[in-house]
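Working through the structure, step by step
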Amino acid sequence: MASSFFLLTVVLLLISPSHAQPTCATQKFTNNERYDRCIDLPELGSYLHWSLDVAKDTVDIVFIAPPATPDGWVSWAINPTGEGMVGSQSLIAFTAANGSMVVDTYNVSSYGAVVKGKLDFDVTDKKGEYSDGVMRIFATVELPEKGQTVVNQVWQVGGSVTEGGVPVRHAFQPGNLGSKGSLDLLSGEISGGGNGNSKTKKRNIHGILNAVSWGILFPVGIMIARYLRAFPAADPAWFYLHGSSQVSAFAIGAAGWGTGMKLGSESKGVKYSGHRNIGIALFCLATLQVFALFLRPKVGHKFRFYWNIYHHGTGYAVITLGILNVFKGLEILSPSSKWKLAYIIIISSLGIIAFVLEAFTWIIVFKRKSVKVTKPNGDARRQSSAA
Ligand SMILES: *[C@@H]1O[C@H](CO)[C@@H](O)[C@H](O)[C@H]1NC(C)=O
Ligand SMILES: *[C@@H]1O[C@H](CO)[C@@H](O)[C@H](O)[C@H]1NC(C)=O
């Protein structure tokens with residue numbers, strides 16, 4: 001019952017369409033200005049509204065984003081020469097020392113100091129606003145190349161600005177690294193930057209493989225061993241079920257682990273040491289478990305007792321660390337909240353099922369014990385009455 005409920009929930013969450021109207025469509029501006037198009041940008045809780053003037057080769061834009069802290073900055077840029085930060089022709093907004101919002105232009109030629117200066121194209125009517133926790137940049141931007149309405153955009157948020165009014169570098173979370181891509185000003189189509197997009201896909205694959213194996217299949221496999229064994233009828237069957245489910249969980253987990261190691265080696269300068277170290281420890285412990293399967297002494301062997309302690313201890317360590325690391329991973333990936341919710345529902349359903357089965361197992365064990373205890377007495381009584 002509970003399991004069919006959570007399966008249904010997961011399926012609904014997975015297939016639920018995301019055709020709702022974009023959030024940006026509900027955003028209004030103080031001057032009641034209307035723009036032809038808007039999109040919810042895929043990272044950093046940001047939005048872009050714009051109206052393209054094809055005849056003049058200009059575009060009026062409004063960029064909306066929450067700065068990383070109230071003293072921070074937000075930025076939107078076109079990069080005419082590539083994708084990403086280097087070469088981006090940026091508009092950056094923040095609150096100046098006198099309390100008013102400033103919007104300045106920055107020709108970002110390297111990852112080093114960001115220096116105020118003219119851009120490769122004209123920008124007019126710059127204006128900034130800060131209210132309701134979001135900063136807005138208004139500007140009219142000349143297209144870098146006449147008639148070219150597909151541009152590379154980059155957007156960013158940062159946490160602080162120096163006293164001299166220089167934006168301090170932003171964080172290096174996935175959102176900060178993936179906030180770029182092409183923008184088709186005519187159709188409104190966007191795509192993550194080639195790199196950013198495939199990276200997001202890789203991260204999602206990594207997340208799904210690991211959540212399924214370490215976060216769901218391993219705990220289920222342990223439940224099979226612990227609770228099926230209580231039924232004598234399931235005797236050899238539980239062992240093969242447990243073994244095969246853990247070996248397949250290990251195969252999926254190993255693939256997920258490999259994608260994680262690869263992602264780690266590809267993201268230079270970005271370190272999630274906690275998540276990574278737990279992942280490595282998990283993989284080692286699970287590999288030990290596979291060896292344990294082949295090195296298991298026969299039932300009744302004098303080492304079997306120690307083997308059991310070792311095998312069970314390692315198993316519980318694997319599920320504890322596995323579930324912990326799924327949550328750490330969810331924090332890093334920060335997908336839409338339904339994914340975290342789905343995982344919480346699955347893992348708590350498993351917890352409830354385990355709890356019920358645990359109680360059930362203890363009842364069976366006690367019943368068996370009491371049967372064993374009363375039997376000799378019964379026999380004795382029968383003998384005495386016969387005598
Ligand atoms: C506030 O400071 C900014 C930048 O230093 C300057 O451009 C702006 O004119 C100032 N505003 C007022 C009202 O003084
Ligand atoms: C922006 O920086 C690049 C690289 O330093 C330089 O080639 C270009 O001329 C600059 N653009 C302007 C408008 O100063």
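Residues numbered from 1 in each chain as written. Chains lettered and ligands numbered in written order. Predicted model: local features only at pLDDT ≥ 70, side-chain atom pairs only at ≥ 80, totals over all residues. Heavy atoms only, no water.

1. Thoughts on the site of ligand 2
Close contacts around ligand 2 come from N107, S109, K118, L119 and D120, and that covers them all. In the model, an oxygen atom of ligand 2 is placed 2.4 Å from a nitrogen or oxygen of the N107 side chain. Within the contact set of ligand 2, a nitrogen atom lies 2.8 Å away from a side-chain nitrogen or oxygen of D120. Compared with its free state, where it exposes 360 Å², ligand 2 has 39% of that area covered by protein. (Near = heavy atom within 4 Å. Polar contact = N/O pair within 3.5 Å; in protein donor to acceptor, adjacent residues only side chain to side chain. Areas by Shrake-Rupley, 256 points an atom, 1.4 Å probe, with all protein chains shown as cover.)

2. Quick notes on the confidence of the model for the protein chain
Residues of the protein chain with pLDDT of at least 70 account for 87%, and the chain-wide mean is 84. Here residues 375–387 scores under 50 on pLDDT; set against residues more than four positions off or in separate chains, the count is 0 contacts. (pLDDT = per-residue confidence, 0-100. Contact = heavy atoms within 4.5 Å.)

3. A few points about the site of ligand 1
Residues in contact with ligand 1, as listed here, are A96, N98, S100 and V102. Here N98 contributes a side-chain N or O atom positioned 2.4 Å from an oxygen atom of ligand 1. Residue classes in the shell around ligand 1 are distributed as 2 nonpolar, 2 polar and no charged. (Nonpolar A, V, L, I, M, F, W, Y, C, P; charged D, E, K, R; others polar.)

4. Quick word on the sheet that holds strand 3 (residues 58–65)
Across the sheet, which stays open at both edges, the 5 strands sit in the order 1-2-3-8-7 with antiparallel pairing between neighbours. Edge positions in the sheet fall to strand 1 (37–40) and strand 7 (123–131), since each of these pairs with one other strand and no more. If you compare each strand with its neighbour and ignore which way they point, the axes differ by 15° on average. As defined by bridge partners, strand 1 adjoins strand 2 (residues 47–53) across 4 bridges and the pair is classed as antiparallel. Paired with R37 across the two strands is W50, which belongs to strand 2. (Pairing = 2+ DSSP bridges. Helix = DSSP H or I, 4+ residues; strand = E, 2+ residues; numbered from the N terminus. Axes fitted to C-alpha atoms, helices over the stretch in contact; angles between N-to-C directions.)

5. Here's the deal with unusual backbone geometry
Although it is not a glycine, D57 sits at a positive phi angle of roughly 55°. If you trace the backbone, D57 turns up in the loop between strand 2 and strand 3. Judged by relative accessible area, which is 12%, D57 ranks as buried. In this structure, D132 is a non-glycine residue whose phi angle is positive, near 55°. Residue placement: D132 occurs in the loop between strand 7 and strand 8 (134–142). You can call D132 exposed: its relative accessible area is 74%. (Buried < 20%, exposed > 50% of the residue type's maximum accessible area, 1.4 Å probe, protein only.)

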